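# Fold and contact review
The residues making up each chain are set out below.
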Amino acid sequence: MSMYGRDPWGGPLEIHADSATDDDRSRNLQDYDRAVLSRQLDETQQSWLLGPSEQKKKKKYVDIGCMLISQKLFVWMVGAIAVSALLAGFITLIVKTLPRHHRSPPAPDNYTLALHKALMFFNGQKSSTHISLCFELQIIAGKLPKHNNVSWRGNSGTRDGLSDDSFHKNLVGGFYDAGDAIKFNFPQSFALTMLSWSVIEYRAKYEAAGELDHVKELIKWGTDYLLKTFNSSADTIDVIAAQVGAGDTSKGPNPNDIYCWMRPEDINYPRPVYQCHGCSDLAAEMAAALAAASIVFKGNEKYSKKLVHGAKTLFKFSRDQRGRYSQGDSDPSHFYNSTGYYDEYVWGAAWMYYATGNVSYLQLATTTGIATHAGAFSGGPDYGVLSWNNKLPGAQVLLTRLRLLLSPGYPYEEMLRTYHNQTNIIMCSYLPMFNSFNWTKGMYFIFFYKYSSYKNLEEQYMHFSIPCMVLKLMGDIVAGGLIQLNHGRPQPLPYVVNAAFLASVYSDYLDAADTPGWYCGPNFFSTDVLRKFARSQIDYILGKNPRKMSYIVGFGNHYPKHVHHRGASIPKDRTRYNCKGGRKWLYSPKPNPHTIVGAMVGGPDRHDAFHDVRTNANYTEPTLAGNAGLVAALISLSAQENAYGIDKNTMFSAVPPMNPATPPPPAPWKP
């Protein structure tokens, strides 16, 4: 009888009860033992063979919501977090107990430092009671006003306009033009337009430099005065106050603002008001000033609309009452004689379009006939030279901005393309290699060659016939090198700063339009060339010149001390010097008792020579228009933290979406 069962060691188990002896069974069991020991036993088998064993410890887990983790790992994690928190708290405690060292902002560059001073000049030129009253009130409070701390100025021009029986209206305010006390509205309006243009393009830079409120206050000071010079609430006018004060000495030694050497605060002679009934140039320039300022103050809706309304009235007057404001032997003709008004039409219309969005102004600015009369196609020695008398270069750059960034298309494209091409030609004329203007000795064009398409100096020499001695001056910019935009005539610096601004702002326009440069004939130049030109000219004015003199009063250690300026040259010593009595200060060899901070003087002659003498206004007299161009150039070149390039959109804030018209079909073909 046999029984089959499951062998507990893994195989079949067969038992033969009758046939096996005890020895046989013993041997078989030993064989089984060896077989078993040669195999891995599971827990059940081991328990059968070895008996009950110790129970294994079960791992404990912690449920943290999204997963289960080992309790031991959880304890380690909590401990690590606690230690880290204690360490962080300890470090924080140490840091808070140590003295704080804030990261200093980067030091301002020379352009920013000069900007602060250049704006101060306008404070010294203010005409009114505001400076003195504000000054006295702040003295009582123990604190000088932030932007009007010209302590040697006081009440002046308090009867302007009212003392002239033929006018008898309030013309208090505005700015004195230069070293005298005349208020010339023509160059003053140009100065305000330039300041506003710079704010529109570089508002972020002004803000970063801490000068935005200051420059806006100066602009408003001027525009408030301009609004007094005509009936700004009317839609149609027939007269404008063009000038307050007189300076013509050809008719005899009558006391006036040129004949007398007096502080503005001491003036007691009559100050006539010059009025004009046909002055297109002046009216269009004043319209440009108010229109540009309206964009600056667009955040002040009420005031901006007031400026726009005044600008519309003035521009309408300029179109209805044709003529130059300085015709004949008028007083303005001896100082700021306008040679035409069509350039003001283009300039004024461009600003009117940007301020209103009315395409009729753009149509006027792009009319071929007006552009022709303005000199857009005539060339000439002064072509491309922006000044108080020639606005065409500025208008062309301004309208090129429209083409680059908005591209209005037909029917304006043809004339805008012409303005764009003319702007490129103007920029080419600033490069010495094209011999458009003479330069003072020294710098010449050396820094330009590596940006052009010419591969080496010899190739430039062959193409432009540059003297070999100039080619040997390769390397850093050397002293000298002032472009003679006024062809060697006196007071070159106002023209130079305007050119520097045009070059700098145009390079920013090209960058904003993702255009790397421009062509001069077949030769391509990068925008860096324009900036380098602008910097070289401003650096010259700041002191990198053969005399190592700064031509901005108060900037650097070596600057003019005998500025041709009545207020700065006569001490404020409670003595009222009469018309002739003040002349002893005109001829005094001593430096001015007061510093007219930020004033840019007329500058050196064509040989880099400069004479710091008070009696020669050609060298040492500053002007509003000159300083406005300087401010514009400085802000465009300044490096401000987190402020780069132009503001592309503010200029177009009033311009509606452009929907180019369909051009007419071509004329039918004729055999």
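Look up: the structure comes first, before these words.
In this report, the structure presented in the accompanying data block is examined. On a predicted model such as this, the values are computed, not experimentally measured, just so you know.

What counts, and at which threshold
- Residues numbered from 1 in each chain as written.
- Predicted model: local features only at pLDDT ≥ 70, side-chain atom pairs only at ≥ 80, totals over all residues.
- Heavy atoms only, no water.
- Phe/Tyr/Trp six-rings, centres within 6.5 Å; stacked < 30°, edge-to-face > 60°.
- Helix = DSSP H or I, 4+ residues; strand = E, 2+ residues; numbered from the N terminus.
- Buried < 20%, exposed > 50% of the residue type's maximum accessible area, 1.4 Å probe, protein only.
- Lys NZ or Arg CZ within 6 Å of the ring centre and 35° of its normal.
- Axes fitted to C-alpha atoms, helices over the stretch in contact; angles between N-to-C directions.
- Parallel < 35°, antiparallel > 145°, perpendicular 65-115°, else oblique.
- Left-handed = near helix turned anticlockwise from the far one by under 90°.
- Contact = heavy atoms within 4.5 Å.
- Nonpolar A, V, L, I, M, F, W, Y, C, P; charged D, E, K, R; others polar.
- Pairing = 2+ DSSP bridges.
- Lys, Arg positive; Asp, Glu negative; His and termini not counted.
- Salt bridge = Lys/Arg side-chain N within 4 Å of Asp/Glu carboxyl O.
- Polar contact = N/O pair within 3.5 Å; in protein donor to acceptor, adjacent residues only side chain to side chain.
- Core = buried A, V, L, I, M, F, W, Y, C linked by side-chain atoms within 4.5 Å.

### What to know about the packing of aromatic side chains
For the structure shown, the criterion picks out 30 aromatic pairs. Pairing Phe315 with Tyr345 gives two aromatic rings, centres 6.3 Å apart and planes at 65 degrees, and the pair type is edge-to-face. A residue pair is termed long-range when its members are at least 10 positions apart, and Phe315 in helix H9 (residues 301-320) and Tyr345 in helix H10 (residues 342-356) qualify at 30 residues. Classification of Tyr345 by relative accessible area gives buried; the value is 0%. Here the aromatic rings of Phe315 and Tyr361 are separated by 5.7 Å at their centres, their planes lie at 80 degrees, and the arrangement is edge-to-face. Here Phe315 is found in helix H9, whereas its partner Tyr361 is found in helix H11 (residues 359-365), with 46 residues between them in sequence. Tyr361 carries the same exposure label as Phe315, and that label is buried. Pairwise contacts between aromatic rings join Phe190, Trp197, Trp347, Trp351, Tyr353, Tyr354, Phe501 and Phe652 into one cluster. For the cation-ring pair, Arg583 lies above Tyr259, with the distance from its terminal atom to the ring centre recorded as 4.5 Å.

### A word on the packing of helix H18 (residues 527-542) against helix H22 (residues 624-637)
The interhelical angle for the contact between H18 and H22, taken along N-to-C directions, is 125 degrees, at an axis separation of 11 Å. Our classification of the angle between H18 and H22 gives oblique. As H18 runs across H22, the sense of the crossing is left-handed. Mapping the contact onto sequence places Arg531, Ala534, Arg535 and Ile538 in H18 and Ala633, Leu634 and Leu637 in H22. Considered class by class, the residues forming the contact of H18 with H22 number five nonpolar, no polar and two charged.

### With respect to the pairing of strand E9 (residues 523-526)
Note: strand E8 (residues 517-520) against E9, four bridges, orientation antiparallel. Looking across to E9, one finds that Tyr519 is bridged to Phe524. Here E8 hands over to E9 after two residues, with Gly521 in that stretch at a positive phi of 65 degrees.

### Focus: unusual backbone geometry
For residues other than glycine, phi is negative in most cases, and the peptide bonds are mostly trans. With an omega of 5 degrees, the peptide bond between Tyr410 and Pro411 qualifies as cis. Topologically, Pro411 is positioned in the loop between helix H13 (392-405) and helix H14 (413-429). Non-glycine residue Asn435 carries a positive phi angle of around 55 degrees. Its location among the elements puts Asn435 in the loop between H14 and helix H15 (457-464).

### Points about the environment of Gln396
Within the element layout of this structure, Gln396 appears in helix H13. The exposure class of Gln396 is buried, given its relative accessible area of 1%. On a C-alpha basis, the gap between Gln396 and Asp343 in space is 10.0 Å, while along the polypeptide they are 53 residues apart.

### Observations concerning the side chain of Asp180
Examined against the element boundaries, Asp180 turns out to sit in the loop between helix H5 (130-141) and strand E5 (183-184). Although Asp180 lies buried, it forms no salt bridge, and the closest oppositely charged side chain, Arg566, sits 5.0 Å away as judged by the N-O distance. Looking at Asp180, its side chain comes within polar contact range of the main-chain nitrogen of Ile182, at 3.0 Å. In this view, Asp180 contacts Asp257, Ile258, Arg566 and Glu621; residues no more than four positions away in its chain are not counted.

### Concerning the nonpolar core
Core analysis: the largest hydrophobic core is formed by 163 residues, its most contacted members being Trp197, Ile240, Trp351, Met427, Tyr430, Trp518 and Ile538. The residues touching Trp518, leaving out its near neighbours within four places in the chain, are Asn424, Met427, Cys428, Leu431, Leu510, Asn523, Phe524, Phe525, Ser526, Val529 and Leu530. Among the nonpolar cores identified, the runner-up in size contains eight residues, and Tyr259, Cys260, Ile267 and Tyr269 belong to it.

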